Amino acid sequence: QQQVKQSPQSLIVQKGGIPIINCAYENTAFDYFPWYQQFPGKGPALLIAIRPDVSEKKEGRFTISFNKSAKQFSLHIMDSQPGDSATYFCAASILGGSEKLVFGKGTKLTVNP
Amino acid sequence: DGGITQSPKYLFRKEGQNVTLSCEQNLNHDAMYWYRQDPGQGLRLIYYSQIVNDFQKGDIAEGYSVSREKKESFPLTVTSAQKNPTAFYLCASSSEGYGDYGYTFGSGTRLTVV
């Protein structure tokens, strides 16, 4: 029940395409859903996060869509660029509790020029 | 600038040797974490600490040890009992409720057994 399932494991798109990465969770107590971006040889960095009181959040070309009833959330990257090529991790947790972040296994995104 | 510093960036360990990875943060975060990253395995939690002088095992603690004597520091020792230590190790920290920043990660230490 503590797992976050992320798909696909890898994704290749052309420049300008809209890659979509999906995550699903079981624990209905989760109320914080961040996405992290990791470039090779670097630590992950927080990209965008959402809480379940909203269904969508945008920051620049990155959008999180959240479906509370389906217990799913996804990351969309509009007008993707080669510089977006990285590994993306979704995660979930309970704000204010002692629960640590539960990470998905990651999606390696390649954006071809 | 506030952040997390991991050192060294690259580390080589001989068989049967213990090595210690350093993690220091100046973000005044209470919680600190160690993760191991292998290709295709995502981020696996080794140990975490939510307060000084206290820490808990994560999912893959066997062969590792930690200490938390200061709020700023959370070193990880990879012992000789860890049979497959070659990996990328990441340290992270967070404040209560994560704020707007979630976890802050260091830039990692790549450990190789030689």
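See above for the structure.
Quick caveat, the model's predicted, so the values are computed rather than measured.

Analysis parameters
- Residues numbered from 1 in each chain as written.
- Chains lettered and ligands numbered in written order.
- Predicted model: local features only at pLDDT ≥ 70, side-chain atom pairs only at ≥ 80, totals over all residues.
- Heavy atoms only, no water.
- Pairing = 2+ DSSP bridges.
- Helix = DSSP H or I, 4+ residues; strand = E, 2+ residues; numbered from the N terminus.
- Axes fitted to C-alpha atoms, helices over the stretch in contact; angles between N-to-C directions.
- Core = buried A, V, L, I, M, F, W, Y, C linked by side-chain atoms within 4.5 Å.
- Buried < 20%, exposed > 50% of the residue type's maximum accessible area, 1.4 Å probe, protein only.
- Phe/Tyr/Trp six-rings, centres within 6.5 Å; stacked < 30°, edge-to-face > 60°.
- Lys NZ or Arg CZ within 6 Å of the ring centre and 35° of its normal.

A. The arrangement of the sheet that holds strand β1 (residues 4-7) of chain A in detail. All names here are of chain A. In spatial order, the strands read β1-β3-β8-β7-β6; together these five strands make up an open sheet with antiparallel pairing. Each edge of the sheet is formed by a strand with only one pairing partner; in this case those strands are β1 and β6 (56-59). Neighbour-to-neighbour, the strand axes of the sheet open up by a mean angle of 15 degrees, direction not taken into account. Bridging between β6 and strand β7 (residues 62-67) involves four bridges; their strand directions are antiparallel. Residue E56 lies in a different strand from β7, and its bridge partner there is S65.

B. A look at the nonpolar core. One finds V4(A), F33(A), W35(A), F73(A), L75(A) and Y88(A) to be the most contacted residues of the largest nonpolar core, which totals 25 residues. Counting only elements with at least two residues in this core, the list comes to β2 (10-14), β3 (20-25), β4 (33-38), β5 (45-50), β7, β8 (72-77), β9 (86-92) and β11 (107-112) of chain A. Per-element tally for this core: the top contributor is β9(A), with four residues. Judged by nonpolar contacts, the second largest core, of 20 residues, contains L76(B), V78(B), A87(B) and C91(B).

C. Examining the packing of aromatic side chains more closely. For the coordinates displayed, the defined rule picks out 20 aromatic pairs over all chains. Between the aromatic rings of F103(A) and F105(B), the centroid separation amounts to 6.2 Å while the plane-to-plane angle is 65 degrees, which identifies the pairing as edge-to-face. Of the two residues, F103(A) is situated in strand β10 (residues 102-103) and F105(B) in strand β10 (residues 104-105); the pairing between them involves two chains. For the pair shown, F103(A) and F105(B) are each scored as buried. Judged by centre distance (5.9 Å) and plane angle (80 degrees), the ring pair of Y47(B) and F55(B) falls under edge-to-face. Above the ring of F74(B), the side-chain terminus of R68(B) is found at 6.0 Å from the ring centroid.

Taken by themselves, the reported measurements are silent on function.
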